Amino acid sequence: RAKDVGGGEHCRFEPELHATAEERRRLEVSLRKAVLEDEFVLHYQPVVDARSEEIVSFEALVRWNSPEHGFVSPGKFIALAEDTRLIVPLGQWILREACREARAWPEDIKVNVNVSPEQLLEPEFHQDVVDALAASGLRPERLEVEVTESIFVRDATTARNSLEQIMALGCSVALDDFGTGYSSLGYLRKLRFSTIKVDRTFVQGAAQESNESLAIINAVVAMAKSLDMTTTAEGVETAEEAELIRNLGCDKIQGFYFGRPMSKEEARRLFCADNGQREAG
Ligand code: C2E
Ligand code: MG
Ligand code: MG
Ligand code: MG
């Protein structure tokens, strides 16, 4: 997998899929300790308006700064955190931290927070969101929760109720990694997502002149428009890809070309520089 974390982060940690049961148990023990001892940090990646290229949001992306393993990317521990339900306390921390940080940004910038199915299906999820907003003083309209299609596989009714509750608060919901899960278009009728995030695989495909990928992006953009939803293209890495995506009519763009995930200090600095999003790359 391509280097997917911000500047200078290295990770020599073996993916858990290849780990033995013993290694997995050890990882679980250190993950449990990490949750208790606050070993996590959030990095923030800009999402820009496709036309103006101005930052409209930052997506919060969690990193585990482990004394034993170094910086561990979420691809290597989120699944285990979900299996062990450690994602519930970790997710509460992520929500609170992201809302508090967003409070330091200009009023028109949103924060996007990824939420796992295990977290969303907890009865306390709604209260966690209410608490994170209250503790930070962030307007609910500035919080966008990101979920993947997988939430509709496990318990679609509970997932939908849970999302409708936070929409009633004024928060918005984005559908992440669209097109890669067990898609059933039925739920697009039932839930008013504000944004559909077109998965990076389609963006890469379109850039390599795959007619199938182009057709799929075109169809998703058209469908989103008629459903009154916006689209964000994920994983845009070059000027050419940005241009292509703009021509395909996506509303927003996220990717290394406009900025890698960065520390909260770096993100704050972008607001001091005039029109500074280029410096993020
Ligand atoms: P995601 O939500 O789809 O996040 C986008 C991922 O794509 C991030 O990887 C980001 O660094 C990477 N990315 C962004 N732009 C580019 C690009 O131009 N090229 C390439 N190659 N990659 C790009 P990251 O941070 O490793 O996160 C991976 C996944 O882990 C996320 O996918 C999300 O599903 C999960 N995750 C991350 N943070 C959290 C969190 O706070 N809570 C939960 N539940 N899941 C999280
Ligand atoms: Mg996401
Ligand atoms: Mg995504
Ligand atoms: Mg993804």
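Cut-off values and rules
Residues numbered from 1 in each chain as written. Chains lettered and ligands numbered in written order. Predicted model: local features only at pLDDT ≥ 70, side-chain atom pairs only at ≥ 80, totals over all residues. Heavy atoms only, no water. Core = buried A, V, L, I, M, F, W, Y, C linked by side-chain atoms within 4.5 Å. Buried < 20%, exposed > 50% of the residue type's maximum accessible area, 1.4 Å probe, protein only. Helix = DSSP H or I, 4+ residues; strand = E, 2+ residues; numbered from the N terminus. Contact = heavy atoms within 4.5 Å. Phe/Tyr/Trp six-rings, centres within 6.5 Å; stacked < 30°, edge-to-face > 60°. Lys NZ or Arg CZ within 6 Å of the ring centre and 35° of its normal. Near = heavy atom within 4 Å. Polar contact = N/O pair within 3.5 Å; in protein donor to acceptor, adjacent residues only side chain to side chain. Arc of directions from axis to C-beta. Pairing = 2+ DSSP bridges. Lys, Arg positive; Asp, Glu negative; His and termini not counted. Salt bridge = Lys/Arg side-chain N within 4 Å of Asp/Glu carboxyl O.

The name recorded for the protein in an unreviewed UniProt entry is EAL domain-containing protein, from Erythrobacter rubeus.

Another aspect to go through is the nonpolar core. Of all hydrophobic cores here, the largest spans 77 residues; its most connected members are Leu143 and Phe193. Among the elements that make up this core, the one with the highest residue count is helix α3 (residues 87–102) (eight residues). Excluding residues that lie within four positions of it along the chain, Phe193 makes contacts with Val147, Phe152, Met167, Val173, Ala174, Leu175, Tyr187, Leu188 and Met229.

With that settled, the discussion passes to the packing of aromatic side chains. One pass over the full model with this rule turns up eleven aromatic pairs. The rings of Tyr44, Phe58, Trp105 and Phe271 are connected pair by pair, giving a single aromatic cluster. Lying across the ring of Phe256, Arg260 places its NZ or CZ 4.0 Å from the centre.

Looking now at the site of ligand 1. Taken together, 23 residues lie near ligand 1, and Asn114, Ser116, Asp176, Glu237 and Phe256 sit nearest. Between ligand 1 and the protein, one listed contact pairs an oxygen atom with a side-chain N or O atom of Asp177 at 3.0 Å. A distance of 2.5 Å separates a nitrogen atom of ligand 1 from a polar atom in the side chain of Glu237. If you list the elements that add at least two residues to the shell around ligand 1, you get β2 (55–66) and β6 (172–178). Ranked by the residues each element gives to the shell around ligand 1, the list is headed by β2, at four residues.

What follows concerns helix α11 (residues 239–248). Where α11 is concerned, the buried positions are Glu241, Ala242, Ile245 and Leu248. For α11, the arc enclosing every buried residue in end-on projection is 125°, short of the 170-degree limit, so these residues lie on one face. Away from its buried face by more than 90 degrees, α11 exposes Glu240 and Asn247. Buried positions along α11 lie against α9 (200–207), α10 (211–226), β8 (230–233) and β9 (252–254). Two residues or fewer past α11, Gly249 is found with a positive phi of approximately 95°.

With that settled, the discussion passes to the pairing of β2. Of all twelve residues in β2, ten are buried; the element is thus mostly enclosed. Both strand β1 (residues 40–49) and β2 contribute to a ladder of nine bridges, which runs antiparallel. Along β2, the bridge assignment pairs Val48 with Ile55. Bridge count for β2 against strand β4 (residues 110–114) is four bridges, and the pairing is parallel. Along β4, the bridge assignment pairs Ser57 with Lys110. Sheet analysis places β2 next to strand β3 (residues 70–72), joined by three bridges and oriented antiparallel. Paired with Ser66 across the bridge in β3 is Gly70. Hairpin connection of β2 to β3: three residues between the antiparallel strands.

We now examine the side chain of Glu234. In this fold, Glu234 is placed in the loop between β8 and α11. Lys197 provides the closest opposite charge to the buried, unpaired Glu234, separated from it by 4.3 Å. Within the local environment of Glu234, its side chain forms a polar contact with the backbone nitrogen of Asp177, the two atoms lying 3.4 Å apart.

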